[in-house]
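The residues making up each chain are set out below.
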Amino acid sequence: MSSLVWVCVTDFFTYETTKSVVVKSWSVGIINRIVQLLIITYFVGWVFIHEKAYQSIDTGIESSVMTKVKGFGYHHNQVMDVADYVFPQQGAGVFCIMTKVIITQNQFQGTCKELGWRFKCKTDEDCHTHFGSILANGVITGTCINSTNDNEMGQCEINGWCPAENDQVKIEPMQDVNNFTIFIKNSIRFPLFDVTRGNFPSSMTSEQIKSCTYHPENNPFCPIFRVGDILNYTGQSVSDLAEKGGEIGINIQWRCNLDLDIENCVPEYSFTRLDAPFAKNAVSKGYNFRFAKYFKTENGTEFRTLHKAYAIRFDVMVTGNAGKFDTIPTLINLVAAFTSVGLGTVLCDVILLNFLKGADQYKAKKFEEVSEAQIEAYLAQSPGSQLSLKPGIKSSYDSGAVSLDMTDQPDLATTTTI
């Protein structure tokens, strides 16, 4: 045990120095240069040119979005304007355009029968199973109403807003959504570089903005988007979404190279259907929500009109980053590039030590050990000489390692050619 500990201690307090071995081999030389060329090409082409690793990057983009919808449509034989079909009305980055609404008028607080096959009953006991149900339009009282002793079924009674909503009625959706327009005003700031930009040029006049329509090639900086065009970019149409609703994403991406002219820092728009994974589901399909308008009778009794709205929801998402030349990331990536070039040497060493003919000879030339015993033995014979390796005398100590006797000090750093 003590000998093992001593070996570990002596191995720890050893010193390794570099020895150059020149190998005259076409195959190994070609492999080495190809690997080095690939590494240099990767760092120059991908790291520095494509990824711009010489820049400091600011990904903490600050953004503000304001939207405004315009257009008129017909629904329930009535003309619908922005105040009727856009929710919320504040012009936020997330808004809905209603395509269909089911209206339940004159609802008062009280008791009435629930609708739907789920709440059919013959006796009160049939309704007791629905106590605490969240699928009803009110609180189940446990009473079965309108039932008879024959096969006719009744309905469970609820306590809440009556009459209960019937959302199974057939309503023709508003197809005019196709021609509605959305105005998007987006301002962004990169705090690291204190750069602010807007999504349309400051030189655009009011008349130009009002008369333009966004097109990815012909008019990429117009902030007016036609709803039908947005749906077409996502592979959808109004007829696909008007019946059940849906969710559409409008992504504004800012990728700015601040080493160039600031006018080149412009947005890129992309569009996608966000609820695509649920488009073919049997349940939870599309997008809908409810809201109510409240009134009071002359005697002060409150009643309401309930609306169940199916809508196309638009989410305006802003992403991006900005980069500018910086000395520190440039130096870090240059050091990484120069270090990685040495991987070619590692690969060639693996090939030489394990796969090529004459691997043992290469091992003998590459690995050498100089022990303290050899130094003392040589100094005892030649006390006044300098320390160096004596060529030609080899003694193997472990796998591939050799020990050489000491000769003259000037030969300690040797270049050997195979």
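Residues numbered from 1 in each chain as written. Predicted model: local features only at pLDDT ≥ 70, side-chain atom pairs only at ≥ 80, totals over all residues. Heavy atoms only, no water.

Below, the discussion takes up the packing of helix H2 (residues 26-50) against helix H9 (residues 343-354). Put simply, H2 and H9 touch, their axes get as near as 8 Å, and they point 150 degrees apart. By the angle class used here, H2 and H9 are roughly antiparallel. Where H2 crosses over H9, the two elements pack in a sense that is right-handed. Of H9, the residues touching H2 (which contributes Val28, Ile31, Asn32, Val35 and Ile39) are Leu343, Gly344, Thr345, Leu347, Cys348, Ile351 and Leu352. Taken together, the residues of the contact of H2 with H9 sort by class into nine nonpolar, three polar and no charged. (Axes fitted to C-alpha atoms, helices over the stretch in contact; angles between N-to-C directions. Helix = DSSP H or I, 4+ residues; strand = E, 2+ residues; numbered from the N terminus. Parallel < 35°, antiparallel > 145°, perpendicular 65-115°, else oblique. Left-handed = near helix turned anticlockwise from the far one by under 90°. Contact = heavy atoms within 4.5 Å. Nonpolar A, V, L, I, M, F, W, Y, C, P; charged D, E, K, R; others polar.)

This next bit is on the packing of aromatic side chains. Across all of its chains, the model carries 19 aromatic pairs by this definition. Between Phe95 and Phe314 the ring centres are 5.4 Å apart and the planes differ by 15 degrees, which places this aromatic pair in the stacked class. Here Phe95, found in strand S7 (residues 94-113), pairs with Phe314, found in strand S17 (residues 302-325); they are 219 residues apart in sequence, far enough to count as distant. Phe95 sits in the buried class, given a relative accessible area of 1%. Feature note: the residues Tyr214, Phe225, Tyr233, Tyr269 and Phe271 constitute an aromatic cluster, connected by ring pairs. (Phe/Tyr/Trp six-rings, centres within 6.5 Å; stacked < 30°, edge-to-face > 60°. Buried < 20%, exposed > 50% of the residue type's maximum accessible area, 1.4 Å probe, protein only.)

Turning to the state of the cysteines, a few remarks are in order. In total, this model carries five disulfides according to the counting rule given. Paired through a disulfide, Cys112 and Cys162 show a sulfur-sulfur distance of 2.1 Å. Torsion about the S-S bond of the Cys112 and Cys162 cystine: about -85 degrees, corresponding to left-handed handedness. With Cys112 in strand S7 and Cys162 in strand S10 (residues 154-162), this pair connects stretches of sequence that are 50 residues apart. (Disulfide = S-S within 2.5 Å.)

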